[in-house]
Amino acid sequence: MESGAAAAGPVPGRFPFPYTPYRIQEQFMEALYGALEAGRVGIFESPTGTGKSLSLICGALSWLRDWEEKRRQEEEQLLALGAGGQDALSPQQARPGSADTAGQPDWVAAFVQRKEERDMVDRLKEEQIRRKKREERLEKIRQNVQLKYAAKRKRCEEDEAKRLLQLSKEALSQGAGEDALDQLDHNEEELILAEYESDDEKKVVSGLEEDDDDDLEEEHVTKIYYCSRTHSQLSQFVREVQKSPFGKDTRLVSLGSRQNLCVNEEVRRLGALQLINDRCMEMQKNKHEKKSNEENEGKKRRVSRMVCPFYSFEQIQFLRDEVLVEVKDIEQLVSLGRETKACPYYGSRFAIPAAQLVVLPYQMLLHEPTRNAAGIKLKDQVVIIDEAHNLIDTITCIHSAEVSGSQLCCAHSQLSQYMERYRKRLKAKNLMYIKQILYLLERFVAMLGGNVNQNPGSQAVSQTGTVLKSINDFLFQSQIDNINLFKVQRYCEKSLISRKLFGFVERYGGPASAVKTNKENQKLAGLQDFLLTLQQGSDKEGTPQSPPVEAEHDQLRTASPLMQIEGFLSALTNANQDGRVILNRQGTVGQSSLKFLLLNPAVHFAKVVQECRAVIIAGGTMQPVADFREQLLCCAGVDPARIVEFSCGHVIPPENILPIILCSGPSNQQLVFTYQTRDLPQMMDETGRILCNLCNVIPGGVVCFFPSYEYEKQVYGHWEKTGLLSRLAARKKIFQEPKKANQVEQVLVEYAKCIKRCSQTGGQMTGALLLSVVGGKMSEGINFSDDLGRCVIMVGMPYPNIKSPELQEKMTWLDKTMPRDGGQAPSRVLIENLCMKAVNQSIGRAIRHQKDFASILLLDHRYTRPAIFNKLPQWIRERTQVKPAFGSAFAELRKFHRGKLDAL
């Protein structure tokens, strides 16, 4: 479907391209150019294998190049008029936003207009000077490679001088005796919370000397923000930019988290993102406090606090310019940071204002606090969100949070012990907030039916089950509606309390750390034992959906639970109607959890579409697009007239794809895989017979998708018992998708090797069969091109679990807030759309380039329903055949694959 509105605005003519583009690529770029020029919100679909990334790059950067040229000409015209001393600018030349002078005397209106013109000319002159300075600076770096080595040498000299100075200080202080500070250990000082002066938001200190800030801060030029889901997808996009005609003269910046960009090995070793963030922020604070501490050094010896050696103004300034001179991906940026001993995280952030193209992960753009912290300004900019088929789910996940009873009890115990240990050293405001946090934790555990002072692993829950509450009801029933959560959240953020607590637990929580037996430390005696019991309890339960801490850092989950609880507190500050709190009460308090579920993702997307000049939501498979239009854009207040949709076909010829909807199997068993019928032995037998027949005539690799891991396991077990599995294994070697992500690569390598070996040796074995799962590791982002995927089979329809409390709440919310779609309830539409998005992602794995060919088999009678059929991608839908009986489908498949083999 192509909308005429997409091509609004000037037709750009020919787009620079590394090779002669396909016609559909030209159409895509023209529609994209038109949408950017007209300031639209576009939903763009271009199937994988059609060169979508290059079309996005060349279309968007062509628009930016033309826009910059047009802007430059307008500025020169205005400056010329200003220099010529002309009294007035024409209405076309004057910019919008000038004061309304209606109803004023002519001489006042003329005076105001002249002043505005003079101000505008002055502003343009300043902009021009700044731009010229930047261009000269970057050109100098391009021409003079020696600058890089000079900067590196200077850094090494500074490091050596610092080292010698430190050695001198240590030599002088030797023999002076240990000066204990208020009975605390030497390196325990940094665990104490600094005085929290005010609830008001203060200017965040960046960590650089204040007079240096001005040199790094620049005005934001018009730019394109491109975001995708993973760092590997972003790196791939950057490589495409490097190969494109725009690769040499585009100022591109790759942004990432500290976890990806930090080059300080001490900090990187912390592993978990939240710990790295907190440690980095603390080191910046230390840098600022260092000056004042040095001034007081004579009066009172302070404990030396760590400052980051990679956080230096000169080096960051150099890295910023180096980033802008040449296009670099994340890996190249990190290498440069190590080489120049400069922080890539801050170097890239300070390069944002002057950049033309900023490449960043979803989280950084879609989460407002992260966006603000990174210095991203969206006003009048262009945003392109790629791989956006799961955009609604992504926004929902980013803004949802879950905490277990174990984590709540553990945090309460740690914080209580911390308060007891340092009570005499903490200021009144710190004590007040710590007590508030302790009270919140106590009430949260009570809501799960437990007592915060008892071991959560041994407290049984009397009333098990799942309860959903509105935010207001939850706050009221847990008796915390009188606490200002906004202030508590700000306190956690500014005081870095979770980092201090983590340091405290690191010191006293582990069994290896020796705790002194003086009176004060005896209060900590129970903490180690308690943490150990919690560790054992939480290891059993597992928290698969817990955000920011990754699975490989399981040991950090209980060591720093407050970090995760802060996310839950932040979620509770959403508007009452936009979310729900889920109380999930299991066997014990430790296994129970509190979860915040975001129902309305549009509230967090609204600011993006309101501030930006244009927003493009792009993907290989965007069908069905109704979700984006209704749930995301219209709910975010986007005028329907501003929304434009573009969908292009595939580059492969029609005869290279054979999609079939199969309604019955070889023994005439109707194929309807509902929850009630799919477990029947005859349904599993029929599926096996279909695969046996197909494996006889389809060469290479066959990928078969099941609705869930459980069903795939069940079918596999049934085939083992009946002997069907051995019949299948005689023709194709069978591989199963692993549940663990780190095993996927190995399975794929073995699968590919087997197919290659069979094609070379011939014989009875014709390739391999891969049993995969919809929504699993192999249904997205993995290419089954050429022989790896000559046939993709979809068993049944992967409807989501309708009994899930989260899904039921979302359905209820949609039915209350959204209009009915063509007589169908919005909740019903949601279920179908979730199902078909998953199907479309899976079946799109096979065709990856122009000369590729594959067959697609949908095993379920329900795919023939118009409401379902019309949600298939257009390029597949147009070529789909409906086969009521297996015989004709089998004949068609055999003819298709034999024809293709003969043509090879």
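Every chain's residues receive numbers from 1 upward, in the order its sequence appears when written. With pLDDT at 70 or above as the cut-off, local features in this predicted model cover only qualifying residues; side-chain atom pairs require 80 or more to be listed or tallied, and sums for whole chains, interfaces and linings still use all residues. Computation of side-chain values covers all heavy atoms of the structure but excludes hydrogens and water.

### Some words on the overall build of the chain
Reasoning step 1: Of regular secondary structure, the chain possesses 35 helices and 18 strands.
Reasoning step 2: Calculation of accessible area relied on Shrake-Rupley with a 1.4 Å probe; when residues are assessed, cover is drawn exclusively from the protein chains displayed. When the accessible area of the chain is evaluated, it comes to approximately 41300 Å², of which 50% is carbon and sulfur surface. Put simply, DSSP H or I for four residues or longer makes a helix, DSSP E for two residues or longer makes a strand, and each gets a number counted from the N terminus.

### Focus on the sheet that holds strand β8 (residues 579-585)
Reasoning step 1: The strand order across the open sheet formed by four strands is β6-β9-β8-β7, and the pairing between neighbours is antiparallel. Only two strands of the sheet have a single partner each, and these edge strands are β6 (401-404) and β7 (465-470). Taken over all neighbouring pairs, the strand axes of this sheet differ in orientation by 20° on average, direction set aside.
Reasoning step 2: One ladder, built from six bridges, connects β8 with strand β9 (residues 593-598); its direction is antiparallel. The residue bridging R580 from the neighbouring strand is L597, located in β9.
Reasoning step 3: A contact between two residues is defined here by any heavy atoms of the two lying within 4.5 Å. Lines fitted to C-alpha atoms define the axes, with helix axes restricted to the stretch in contact, and inter-axis angles between N-to-C directions lie between 0 and 180 degrees. Contacts from helix α16 (residues 405-422) reach β6 and β9, with the element oriented near 70° to β6. Strand pairing is defined by DSSP finding a minimum of two bridges between the two strands.

### A few points about the packing of aromatic side chains
Reasoning step 1: Any Phe, Tyr or Trp ring, taking Trp's six-membered ring, that has another such ring centre within 6.5 Å forms a pair; planes under 30 degrees apart are called stacked, those over 60 apart edge-to-face, and the others tilted. Counting across every chain of the model gives 22 aromatic pairs.
Reasoning step 2: Between F28 and F44, the aromatic rings sit 5.3 Å apart at their centres with planes inclined by 75°, giving edge-to-face as the arrangement. Of the two residues, F28 sits in helix α1 (residues 23-38) while F44 sits in strand β1 (residues 41-45), which places them 16 residues apart along the sequence. Like F44, F28 is buried.
Reasoning step 3: Summarising the aromatic geometry, the rings of F28 and F646 are spaced 5.7 Å apart at their centres and angled 85° between planes, so their arrangement reads as edge-to-face. Within this pair, whereas F28 is found in helix α1, its partner F646 is found in strand β11 (residues 643-647), the two being separated by 618 residues in sequence.
Reasoning step 4: Three or more aromatic residues link up through ring pairs in this structure, and these residues are Y311, Y345, Y346 and F350.
Reasoning step 5: The aromatic ring of Y711 is capped on one face by R678, whose charged end is 4.7 Å from the ring centroid.
Reasoning step 6: A cation over a ring is seen here: R790 above F853, with NZ or CZ 3.7 Å from the ring centre. Categorising residues by exposure relies on relative accessible area from a 1.4 Å probe, with only protein chains included: less than 20% of the type maximum marks a residue as buried, more than 50% marks it as exposed, and the intermediate range marks it as partly exposed. In this scheme, the term charge over a ring applies when either NZ of a lysine or CZ of an arginine sits within 6 Å of the ring centre and within 35 degrees of the ring normal.

### Things to note about the state of the cysteines
Reasoning step 1: Note on disulfides: each one is a pair of cysteine sulfur atoms within 2.5 Å. In this structure the tally under the stated criterion is zero disulfides.
Reasoning step 2: C343 supplies the cysteine sulfur nearest to C308, a cysteine that is in no disulfide, at a spacing of 6.3 Å.

### Things to note about unusual backbone geometry
Reasoning step 1: That bond from Q623 to P624 is cis: its omega, -10°, falls within 30 degrees of zero.
Reasoning step 2: Structurally, P624 can be placed in the loop between β10 (614-619) and α26 (626-634).
Reasoning step 3: For D380, which is not glycine, the phi torsion reads 65° and is therefore positive.
Reasoning step 4: One can find D380 in the loop between α14 (368-373) and β5 (382-385).

### What to know about the pairing of strand β12 (residues 657-662)
Reasoning step 1: Taken across its six residues, β12 has six buried, putting it largely inside the fold.
Reasoning step 2: Of the two faces of β12, the one carrying I657, P659 and I661 and the one carrying L658, I660 and L662 are both buried.
Reasoning step 3: The sheet contact formed by β12 and strand β17 (residues 854-859) spans six bridges and is parallel. Of the residues in β17, the one forming a bridge with I661 is L858.
Reasoning step 4: Note: β12 against strand β18 (residues 881-883), three bridges, orientation parallel. Residue pairing for β18: I660 is matched across the bridge by Q881.

### Focus: the sheet that holds strand β15 (residues 767-773)
Reasoning step 1: The seven strands are arranged β14-β15-β13-β16-β17-β12-β18 in an open sheet whose pairing can be described as parallel. Pairing within the sheet leaves two strands with one partner each, and these edge strands are β14 (732-736) and β18. Strand-to-strand twist in this sheet, taken as the mean axis angle between neighbours without regard to direction, amounts to 20°.
Reasoning step 2: Note: β14 against β15, five bridges, orientation parallel. Bridged to F735 within β15 is L770.
Reasoning step 3: Here helix α30 (residues 744-761) sits on the sheet in contact with β13 (700-706), β14 and β15, set at roughly 155° to β15.
Reasoning step 4: Here helix α32 (residues 826-843) sits on the sheet and contacts β13, β16 (791-795) and β17; the angle it forms with β16, its principal contact strand, is near 160°.

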